[in-house]
Every structure is written in C-alpha cells, then in structure tokens.
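Each chain is listed here by its residues.
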Amino acid sequence: MKRPARTAILAAALALSLTAAAAPPPGSAAASPWSASALWDTWPSARVSGPDPWALKHAGLRAALDLLQARQPGLFVVEQEGVSSEGRKIPLLRLGSGPTGVLLWSQMHGDEPTATSALLDVLSWLGARRGNAAVEQLLSRLTIRIIPMLNPDGAERTQRRTAEEIDINRDALRLSTPEGRFLKSVRDRTKPVAGYNLHNQGPNVAAGKGGEQVAISLLSVPGDEALSETEGTRRTKRLAAIVNSLVTPIAPGRVARYDMDYTARAFGDSMTRWGTPTLLIETGGWAGPDEAARLVRLNFVALLGSLAALADGSVDQVDVADYARIPLNTRDSLCALVVRGTRLATGRGLPPFTADLSFAVPGPFAGEAPRRREPGIVEVGDLAHLRGLAELDATKLLAIPWPATEAPEEWTELQATLDSRGLVDASEARLLAAVRALGEAAVARSGFAGPVLLYREGVDGKLTLAGAIIRGRVVGEGLTPPLPSAPAK
Ligand SMILES: [Zn+2]
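How would you explain the nonpolar core if you had to name every residue and give the values?
By size, the foremost hydrophobic cluster in this structure holds 74 residues, and its most contacted members are Leu126, Leu138 and Tyr196. For this core, the element with the highest residue contribution is helix H10 (residues 291-312), accounting for 14 residues. Not counting residues within four places of it along the chain, the set of residues in contact with tyrosine 196 comprises Val102, Leu103, Leu104, Trp105, Leu239, Leu279, Ile281, Leu303, Ser306, Leu307 and Leu310. Ranked by size, the runner-up nonpolar core spans 23 residues in total, among them Trp411, Val424, Leu438 and Ala468.

I'd like a description of the sheet that holds strand E9 (residues 278-283), backed by residues and values.
Taken in spatial order, the eight strands of this open sheet run E1-E2-E4-E3-E5-E9-E7-E8, and their pairing is mixed. Here the strands that pair on one side only, and so sit at the sheet edges, are strand E1 (77-83) and strand E8 (255-257). Geometrically, the sheet is characterised by an average inter-axis angle of 20 degrees between neighbouring strands, direction not taken into account. Inspection of the sheet shows E1 paired to strand E2 (residues 89-95) by six bridges, in the antiparallel sense. Among the inter-strand pairings, glutamine 80 is bridged to a residue of E2, identified as leucine 92. In the packing of helix H3 (residues 58-71) onto the sheet, the strands contacted are E1 and E2, and the crossing angle to E2 comes to about 30 degrees.

Explain empty space enclosed by the protein to me, using residue names and the numbers behind them.
If you walk through the whole model with that rule in mind, you get one cavity of 30 Å³ or more. If you add up the space inside the largest cavity, you get close to 30 Å³. Lining the largest cavity are Phe359, Gly376, Ile377, Phe448, Ala449, Gly450, Ile469, Ile470, Arg471 and Gly472. Sorting the residues of the lining of the largest cavity by element identifies strand E13 (376-381) and strand E18 (463-470) as the ones contributing at least two each. Of the residues assigned to the lining of the largest cavity, the class counts are six nonpolar, three polar and one charged.

Account for the packing of aromatic side chains, naming residues and giving values.
Across all of its chains, the model carries four aromatic pairs by this definition. Here the aromatic rings of tryptophan 34 and tryptophan 125 are separated by 5.4 Å at their centres, their planes lie at 45 degrees, and the arrangement is tilted. Taken together, the residues span a long stretch of sequence, with tryptophan 34 in the loop between helix H1 (6-22) and helix H2 (36-46) and tryptophan 125 in helix H4 (residues 114-127) at a distance of 91 residues. Judged by relative accessible area, tryptophan 34 falls into the buried class, the value being 15%. Seen in terms of ring centroids, phenylalanine 267 and tryptophan 274 are 5.9 Å apart; in terms of plane orientation they differ by 80 degrees. Their pairing is edge-to-face. Looking at tryptophan 274, the relative accessible area reads 22%, which means it is partly exposed. The structure contains a cluster of three or more aromatic residues connected by ring pairs, namely Trp34, Trp125 and Phe300. Over the ring of tryptophan 286 we find arginine 294, and its NZ or CZ is 4.6 Å from the ring centre. The positively charged end of arginine 297 is found above the aromatic ring belonging to tryptophan 40, 4.2 Å away from the centroid.

How would you explain H3 if you had to name every residue and give the values?
Under the 1.5 Å per step criterion, the end-to-end length of H3 is 20 Å for 14 residues, consistent within 8% with the ideal 20 Å. His58, Leu61, Ala64, Leu65 and Leu68 are the residues of H3 that are buried. The buried side chains of H3 occupy one side of the element, clustering within an arc of 125 degrees when seen end-on. Turned more than 90 degrees away from the buried face of H3, the exposed residues are Ala59 and Ala70. For H3, the secondary structure elements touched by its buried residues are E2, H4 and helix H6 (152-157).

Got a sec to walk through the coordination of the zinc ion? Specific residues and values, please.
The zinc ion binds to the protein through His109 (ND1), Glu112 (OE), Glu112 (OE) and His199 (ND1); the donor distances cover 2.0 to 2.6 Å. With four donor atoms in place around the zinc ion and angles of 54 to 147 degrees between them, the coordination shape is irregular. Look at where the donors of the zinc ion fall in the sequence and you get H-x2-E-x86-H. In this pair, histidine 109 is assigned in the loop between strand E3 (100-106) and H4 and histidine 199 in strand E5 (residues 194-200), connecting sequence segments 90 residues apart. Taken individually, histidine 109 and histidine 199 each receive the classification buried, so the pair is uniform in this respect.

Outline helix H5 (residues 133-141), supporting the account with residue identities and numerical values.
Because each turn of an α-helix spans 3.6 residues, side chains separated by three or four positions in sequence point in the same direction. Where H5 is concerned, the buried positions are Val135, Leu138 and Leu139. All buried residues of H5 project into a common sector of 90 degrees when viewed along the axis, lining one side. Residues of H5 that are buried sit in contact with E2, H4, strand E4 (142-147) and H10. The backbone nitrogen of alanine 134 has a side-chain oxygen 2.8 Å away, supplied by the residue at the start of H5, namely asparagine 132.

Conventions and cut-offs
- Residues numbered from 1 in each chain as written.
- Predicted model: local features only at pLDDT ≥ 70, side-chain atom pairs only at ≥ 80, totals over all residues.
- Heavy atoms only, no water.
- Core = buried A, V, L, I, M, F, W, Y, C linked by side-chain atoms within 4.5 Å.
- Buried < 20%, exposed > 50% of the residue type's maximum accessible area, 1.4 Å probe, protein only.
- Helix = DSSP H or I, 4+ residues; strand = E, 2+ residues; numbered from the N terminus.
- Contact = heavy atoms within 4.5 Å.
- Pairing = 2+ DSSP bridges.
- Axes fitted to C-alpha atoms, helices over the stretch in contact; angles between N-to-C directions.
- 1 Å grid on protein atoms, 1.4 Å probe; cavity = no way out; pocket = protein on both sides within 12 Å on 5 of 7 lines; lining within 4 Å.
- Points joined across faces, edges and corners; volume = space filled by probe spheres on them.
- Nonpolar A, V, L, I, M, F, W, Y, C, P; charged D, E, K, R; others polar.
- Phe/Tyr/Trp six-rings, centres within 6.5 Å; stacked < 30°, edge-to-face > 60°.
- Lys NZ or Arg CZ within 6 Å of the ring centre and 35° of its normal.
- Expected span 1.5 Å × (residues − 1).
- Arc of directions from axis to C-beta.
- Donors = N, O, S within 2.8 Å, 3.2 Å for Na, K, Ca; no water.
- Tetrahedral: all angles 85-135°; square planar, octahedral: opposite > 155°, others 65-115°.
- Polar contact = N/O pair within 3.5 Å; in protein donor to acceptor, adjacent residues only side chain to side chain.

As structure tokens, this is what we get:
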C-alpha cells in the first residue's frame, strides 16, 4: 500500500480537529461541558457550598439561596414554599421552562446533607453560564424543580427524622408529616417524568464483595413488589448507568447499586408507583483528605451530567443492561480501623493471646438505628474478612485496654498519667499486673470505649509505650498506620 504524504496526513488531522471544534460529536468527552472531567474541573470555581455539609442548616441554606438569586437574578424562582412541623419554610425552586419535568429533593433525612450542598453548587454553576448555548439548551428542554433540604427540622438537629420523630421515607402512604405532604403535593401538581431522591448511606459499604468503598450508590427505584420493569424504571436504570459512567472515571470502582427491595411506604417507591420514576442516589464514603468536599463534588458531577443526558436525550441511547452490571452494595466488610494480629492482654488475667481488633469512628451521619454512633471497639478476633479504611499492623505489639474512667482522652495527658504510674517503660509482668488490677473494666470487647495502649519491645527486655487507639483514632509517635488509598484526583 502506498504511504500517503506526511503533509496529507497533517492536513487530514487538521481538518478533523476543525470539524470536531465546529460540531462536537454527541458524547464527545473533550468538547462537552457536560463531560465528567469538565464538570469535575469547573466545580471549584462554581462552589458556594461550605467545607462541612453537616454544618449547613436551614438559615444557611436560605442565605445561600438569597446570594445565588442576587448574583443571578432570574436563574430560578421560588415557586412555592412548604412549611415544616416547626414552621421552617421549605422552598421549592424552579428553573428552566422545557417540556420535560424533573424533580430533585435532598435531605429528606436530616443527617444526610451531601446532595444539598451539591445542589447549591449546581445552581451556581448554571447561573454563571447563562447565555452559554449548552446551558440555555438544557434550560429550554427541562423544567427542573428542586427541594433542597426537605427536612429542615431534622437537619437542625443533625438527625434522620423530623421534629415529630417520624422518618419521612416511611410516611409516603400515611402522610403524617407536613414535609411528606408537601413533597407529595408537588409531585401531584407537577407530574415530573423523573425524580431524584438524594440521600447518604454511610461509609462502611463496599462495591461488590471485596470491592472499594462505595462513594455513590444508585437504585432505579421499583414501583411494585414484583420489581416490574416499566418504561419508567428503564429510564431510571439508564439514568443510573449515566451516573455510573460519569462517576467511574473520577472514582474508579466506587459506584454500586443500592441494596434494597420494594418498600410501599417509602417515598422513592411511591413516587415511581405514582408515575414519577425515581432514581435514588446515596452518597457513601471516600476515605482520605477533604472527604466531604470530594463527595459533594462527585454529587455535583452526577447531578449536572445526568440532567444534561435527560435534556439532550442521550439517556435514551444507553443500554438498560448496563445498570445490572454495576456491582451491588456489600455491607459489613468495611470498618474505620482494623488493628491486625496484636497480642492482647485483658483485665481477666488470661495469658496474652493473638487477636485483630476493629474500631468504629462514626461521623455525624447516624443513619438507621441502631447503627453505632459512639466510637470504640466493634469486634475482637479473626477479622481477616474485614477491610479497614485504615489498617495498623500490630503483630509486634502488646495491646492493653485501659478504662476510659482511668485515662484522659488527650494523648500527651494519657502518656503523663501512665508515666506517673511507671507504665511508659515497664516489664511485661508489670504491665500484665497493672491491667489485671483493673479487672472487668479493662476487657477489650465490643462497645469498649476506652483507649487501647500499644507497647513494643524496648531496651533491657522492657516494653515501651508506642501509641494508643483513642476513640477509634491511632495516636503516638511510635505508630504509623498506612493511610487509606489515595483518591484518583
Ligand atoms: Zn436516607
């Protein structure tokens, strides 16, 4: 075959690049403002949300909305206001004027705020791009309604339930709560063709067996017990697949399908049944620095990118089967901290034995009762099945539980206390005698909340205090636990 001249190749390449610039092909990642990387990269400039989504309460939300309206008059209107049982106004925002109606609601559970912050950033991003052809097209094709923070009374208390102590997400049939009645009335009046039900699921969930920590999980919410596939659920499956394709390049392996069957009194299920097929997005965890902000940013990408796919119709091109390929949520295989293979002594006077220890370090998200809120030991024994978001190799260490009543919580004070008792450098026999004297108060078991002291071999056959686990955190100069795997970006 004859080789084309080099100039011809260059000319062809140039023509191709010019064509691409003039008319980006559908789904072209490089040219589209809706690509995951473009959205991810432009989030910092649009960000109006604060560093801690849990710190945003009703007053802060109202102030942020006022700021956005002042900056971008006309971007959205407050179409209606619901009122919580304690009298807080719940704004329903409307933007766009297109024929396709979409309804997004966040923080139905008061302690699940990540998406509320992301929605503020979405509004800011859109507002800063008024006049941009892609944004104007989106707003001409969709009418987007947003209820940020459906449960302001729960948010005020950082709790799941309303001021009436009712879980709105189990109130879709009885409608005892004013918040639930408001959401239902908005749906019935506006009849959106897609709903976004935005939650947090907690950090200790893996994507499939042995998979990564789930950052985002998705559910095409069924509308009946038989989990029937309808035109509506196919749409939300495609939408979930779009979110998966947006999030995966940024957070590989960290997307899962939510693990829940049909629940008639839940809102997402009822929305689907009432004719608004609903996508559930649950934010999980993504251990590492600035975790909360990275999860807001990921939500921002998922929300804007999938709205764009609804607007331009590309959601209809997605293979429904892509949804089933997303791995399932797997619970109870992750823990905040696992201490591996320590020799453990206890107040019961038994000879030290080998054990792993797992610790909970709960954040402000409480989730479903009775999930543990207090930091401390979760389990003792062979924990090979469990993965720690942080892990400590303690195979050369002697661990001694120390009752919280006997120990200050601050590491340097704890060291000083132990020093005054001659227990910073001591023989093993002396340490074992000290823990035996504490009896049942110094037994490492599920729920134990005191510090766990960690000793390593020092000089002259003595053991030296290397560090401790205090309220689920590793402290001490002599210990360096590996940090969680670094985020992709
Ligand atoms: Zn929830």
